[in-house]
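# Breakdown of the fold
Listed below, chain by chain, are the residues.
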Amino acid sequence: MCGIAGVFNVANAQNLVANILFSIQHRGQESCGISVRTESGNVLTYKGMGLVKHVLLPQILEKYSGKIAIGHVRYPTAGKSNVVNSQPHSIELAEGAHMSVCSNGDIINYSELRNELETEHGFTFKSDNDGELIGRLIAFHHVVHKKPIAEAIFETQQQLKGAFSTVLIYRDTMYGFRDPHAFRPFSIGHISWDGEGEMPSEGTVFASESCAFGIVGARHVRDLEPGEIVKLEKSKPMSVVKISPKKRQHCVFELIYFSRPDSELFDEYVYDVRNKIGATLARMDNDIPAGDDLVVISVPDSSNFVALGYAEEKKVRFDMGLLRNHYVGRTFTRPDQAQRDEGVRQKFNPLPGFFKGKRVILVDDSIVRGTTLKKIVSMVRGAGAKEIHVRIGSPRVIGSCYYGIDTPTSNELIAAQKSLEEITAYLKADSLKYTPVDAFQSILKHFNRYCFACFNLDYIYQPADFSIPTKRVN
Ligand code: AMP
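Reading guide: rules and limits
Residues numbered from 1 in each chain as written. Predicted model: local features only at pLDDT ≥ 70, side-chain atom pairs only at ≥ 80, totals over all residues. Heavy atoms only, no water. Helix = DSSP H or I, 4+ residues; strand = E, 2+ residues; numbered from the N terminus. Rg over C-alpha atoms; globule rule 2.2 N^0.38 Å. Buried < 20%, exposed > 50% of the residue type's maximum accessible area, 1.4 Å probe, protein only. Contact = heavy atoms within 4.5 Å. Lys, Arg positive; Asp, Glu negative; His and termini not counted. Charge placed at Lys NZ, Arg CZ, Asp CG, Glu CD. Pairing = 2+ DSSP bridges. Axes fitted to C-alpha atoms, helices over the stretch in contact; angles between N-to-C directions. Patch = residues over 30% accessible without salt bridge, like charges linked within 9 Å, V, L, I, M, F, W, Y side chains within 5 Å. Areas by Shrake-Rupley, 256 points an atom, 1.4 Å probe, with all protein chains shown as cover. Salt bridge = Lys/Arg side-chain N within 4 Å of Asp/Glu carboxyl O. Core = buried A, V, L, I, M, F, W, Y, C linked by side-chain atoms within 4.5 Å. Domains from an automatic or database assignment. Near = heavy atom within 4 Å. Polar contact = N/O pair within 3.5 Å; in protein donor to acceptor, adjacent residues only side chain to side chain. Nonpolar A, V, L, I, M, F, W, Y, C, P; charged D, E, K, R; others polar. Buried area = accessible area lost by both parts, 1.4 Å probe. Expected span 1.5 Å × (residues − 1).

## So, the overall build of the protein
- Summing up its helical and strand segments, the protein has 16 helices and 24 strands in all.
- On C-alpha atoms alone, the protein measures out to a radius of gyration of 23 Å, which is about the 23 Å that the 2.2 N^0.38 rule sets for 474 residues.
- Counting only C-alpha atoms, the protein reaches 70 × 55 × 40 Å along its principal axes.
- Every one of the 474 residues in the protein was classed for burial, and the buried ones make up 58%.
- Within the protein, contacts between residues separated by at least 24 positions form 69% of all contacts whose residues are at least 6 apart in sequence.
- Of the charged side chains in the protein, 56 are positive and 54 negative; the average position of the first set lies 3 Å away from that of the second.

Written out as structure tokens, the structure is:
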């Protein structure tokens, strides 16, 4: 998973991009970068491994200054975690111009398209990252086939299979485009900029998630349509180049887990969906007797709203029995089980005395390998809980995601390997319930617009479409 940002026609756009990236840091913590078009017309790129606040330092942002900027935070799902694979990618065009591109999503016909460019057209690649592939394909149509850049983007969009929410700088213009299924979010904002010493102006802001807009003083205008290409150019309002939609396949896991609760995406408020998931789970639960010893606990922070929705519907006390250390990085992507177990132990701690004699409804957003909940159930039991009933906001994760969410292959997915009873026993929980896929019919405004493939194996692309060398290589 990754996050993208773009700012057009705002003085010191690089500062806003850095701020947007900071507010979508949860989408990628491995590396980050920016590209800026300077006043002299050069496009400069700076990227590094690590968090936004450690890479995009004030002295860097001061040097990389301009009114047109894009940026990226990376969470590797394909290709090694190194600076070469980080984004944006600067691509040289024949006439000496540079284009810079960054993208969120996974391209499932990556190998096929790359091989074609390398073997048939003599292109060379610097990285193994699909953002670079997108840039090189655009360059191919533009330079080799002499297509205007907007048409080159359209041709590229038609060739790519999979998920891509992409921004690019080309000369003094910026483009934003999205795959025809609109797997990943892509929001557009508007900013009235008071000029910092110059004339007042109006700018446009792109971000993976709308939570970034308030933080940089922008207003959320709308989301990019499936298959839409938009163009930003000086002294003109944003124009739509083309829209070529296919069946929507919004990633439901964005709403369940990945996106921030203060974002609005796919025509939903994220926090509201999570609340409704909790309420739905509560309505399915008629077998836990009420009582003063019953308490609903979230696994902070990702399941807070689901737990709140559950508690409100059930009229059971909600409380924060677990504390989370915010300085522990992502444990999910650590390379082996021992390190993941250690990470969970460092991340969560029960409040002393809190759980003694309590019956606990322990709510989490999802179970992937089972690492987090196995540790937490044992922690809560050790802290004195009498009963632990685990409730999960997602359906059972039984299939890998090929569109940008980092899920392991199915032999590591606990729900693909074990029955409900076996998972309950593995977690050492007293009971376990997931939210079934069909329950989302009453939760989501547009149930038929989503990809549920990791829950029901109903992939829009078939095995013949795939040419991905590896799922994830760290
Ligand atoms: P696990 O411990 O393997 O069962 O993973 C489940 C927990 O990790 C969930 O509670 C989520 O909060 C988090 N999670 C789920 N999917 C992902 C993902 N793709 N990347 C990072 N964290 C995730």
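## Points about the sheet that holds strand β5 (residues 89-92)
- Strand order across the open sheet formed by six strands is β5-β6-β7-β8-β12-β13, with antiparallel pairing between neighbours. Each end of this open sheet is capped by a strand with a single partner; those strands are β5 and β13 (239-243). On average, each strand axis in the sheet is tilted by 20° relative to the strand beside it, whichever way the strands run.
- When β5 meets strand β6 (residues 98-104), the two strands line up antiparallel, connected through four bridges. Across the sheet, the residue bridging to S90 is S100, located in β6.
- Where helix α5 (residues 130-144) meets the sheet, its contacts fall on β5, β6, β7 (165-170) and β8 (173-178), and the angle it forms with β6 comes to roughly 135°.

## Notes on a nonpolar patch on the surface
- Taken together, the side chains of M49, V83 and V84 define a hydrophobic patch exposed on the protein surface, amounting to about 220 Å² of accessible area.
- Tracing the backbone shows V83 in the loop between β4 (68-74) and β5.

## Section: unusual backbone geometry
- A cis geometry characterises the amide bond from Q87 onward to P88, with omega recorded as 5°.
- Position of P88 among the secondary structure elements: in the loop between β4 and β5.
- Omega for the peptide link from P300 to D301 comes to 0°, which places this bond in the cis form.
- The phi torsion at N12 lies on the positive side, around 50°, for a residue other than glycine.
- Here N12 is to be found in the loop between β1 (2-8) and α1 (13-23).
- By relative accessible area, which is 25% here, N12 ends up partly exposed.
- With a phi close to 60°, K146 is a non-glycine residue in the positive phi region.
- With respect to the helices, strands and loops of the structure, K146 is situated in the loop between α5 and α6 (149-159).
- Its relative accessible area of 67% is what places K146 among the exposed residues.

## Side note on the nonpolar core
- Among the nonpolar cores identified, the biggest contains 45 residues, and V252, L255, V296, Y403, F440, L444 and F455 are the most heavily contacted of them.
- Taken domain by domain, this core gets at least three of its residues from each of domain 1 (2-246) and domain 2 (272-442).

## A closer look at the site of the ligand
- In the vicinity of the ligand there are 17 residues, among which Y75, V368, R369, G370 and T372 approach most closely.
- One of the side-chain N or O atoms of Y257 is found 3.0 Å from a nitrogen atom in the ligand.
- Isolated, the ligand exposes 490 Å² of accessible area, and the fraction of that covered by the protein chains is 94%.
- In the shell around the ligand, the residues fall into seven nonpolar, five polar and five charged.

## Some words on the domain arrangement of the protein
- For the protein, the assigned domains are domain 1 (2-246) and domain 2 (272-442).
- Placing a centre on the C-alpha atoms of domain 1 and another on those of domain 2 gives a separation of 35 Å.
- In this complex, domain 1 contributes 12 residues to the contact, which on the side of domain 2 involves nine residues.
- When domain 1 packs against domain 2, close to 890 Å² is buried across both sides, 52% of that on carbon and sulfur atoms.
- Counting across the domain 1 and domain 2 interface gives two residue pairs in polar contact (both at pLDDT 80 or more).
- Tallied by class, the residues present in the side of domain 1 that touches domain 2 amount to four nonpolar, five polar and three charged.

## A look at helix α4 (residues 110-121)
- For α4, spanning 12 residues, the distance from its first C-alpha to its last is 16 Å, which sits close to the expected 16 Å at 1.5 Å a residue.
- Along α4, the positions that sit buried rather than exposed are Y110, S111, L113, R114 and L117.
- Contact partners of the buried residues in α4: α5 and α6.
- Following α4 by one or two positions, G122 adopts a phi angle in the positive range, close to 70°.

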